[in-house]
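Examination of the molecular architecture
Residue-level listing of the chains:
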Amino acid sequence: LQSDRRQVIPLAAGQRRARVHVVVTGLVQGVGFRISTVRRGRSLGLKGTVRNLPTGSVEVQAEGDREALEELLEFLRVGPRAARVEETRVSWLPYVGDLPVCGRPACIRREAVVEWRM
């Protein structure tokens with residue numbers, strides 16, 4: 001059974017950019033979750049980070065267009081084929097524009113924080 005906890009923060013009129021912080025639990029490590037998230041985020045024109053947590057969960061921070069973030073969330077609720085997502089904890093935050101720039105997804109290593117930017 002999949003659970004989805006959402007924290008909704010109203011956007012100011014006309015505000016299209018936002019930031020989202022997501023913790024995904026379940027069978028989400030060792031199944032290609034981070035690289036799949038990087039690829040999906042890039043394809044949506046977002047920038048952000050994804051990392052494995054010691055608890056076995058995956059943490060994602062992403063910024064960009066609100067609609068693109070919603071599409072990323074839809075992906076995170078399911079994950080790649082081998083994943084089994086149990087829960088997504090979502091926090092919406094104001095856009096800051098300070099997420100770091102990544103080189104290549106090939107830099108993924110165990111416990112590494114993977115960053116991406118379009």
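Note that the structure is a prediction, hence the values are computed from the model and not measured. (Residues numbered from 1 in each chain as written. Predicted model: local features only at pLDDT ≥ 70, side-chain atom pairs only at ≥ 80, totals over all residues. Heavy atoms only, no water.)

What about the packing of aromatic side chains?
A complete count under the given rule lists 1 aromatic pair for this structure. Pairing Phe33 with Phe75 gives two aromatic rings, centres 6.3 Å apart and planes at 40 degrees, and the pair type is tilted. Within this pair, whereas Phe33 is found in helix α1 (residues 33–43), its partner Phe75 is found in helix α2 (residues 66–76), the two being separated by 42 residues in sequence. The lysine or arginine in question, Arg17, covers the ring of Tyr95, its NZ or CZ lying 4.0 Å from the ring centre. For Arg66, the ring lying beneath its charged end belongs to Trp92, and the centroid distance is 3.6 Å. (Phe/Tyr/Trp six-rings, centres within 6.5 Å; stacked < 30°, edge-to-face > 60°. Helix = DSSP H or I, 4+ residues; strand = E, 2+ residues; numbered from the N terminus. Lys NZ or Arg CZ within 6 Å of the ring centre and 35° of its normal.)

A short note on the pattern of salt bridges
According to the stated counting rule, one finds 7 salt bridges in the structure shown. Among the salt bridges present, the one from Arg19 reaches Asp98, with a minimum N-O distance of 2.6 Å. Separated by 79 residues along the polypeptide, Arg19 in strand β2 (residues 17–27) and Asp98 in the loop between β5 (84–93) and β6 (113–116) bring together distant segments of the chain. Note on Arg19: relative accessible area 10%, which makes it buried. Here Glu70 and Arg66 are joined by a salt bridge, their closest N and O atoms 3.7 Å apart. With a gap of 4 residues between them, Glu70 and Arg66 both fall in helix α2, about one helical turn apart. Taking the relative accessible area as the measure of exposure, Arg66 reaches 17% and is therefore buried. (Salt bridge = Lys/Arg side-chain N within 4 Å of Asp/Glu carboxyl O. Buried < 20%, exposed > 50% of the residue type's maximum accessible area, 1.4 Å probe, protein only.)

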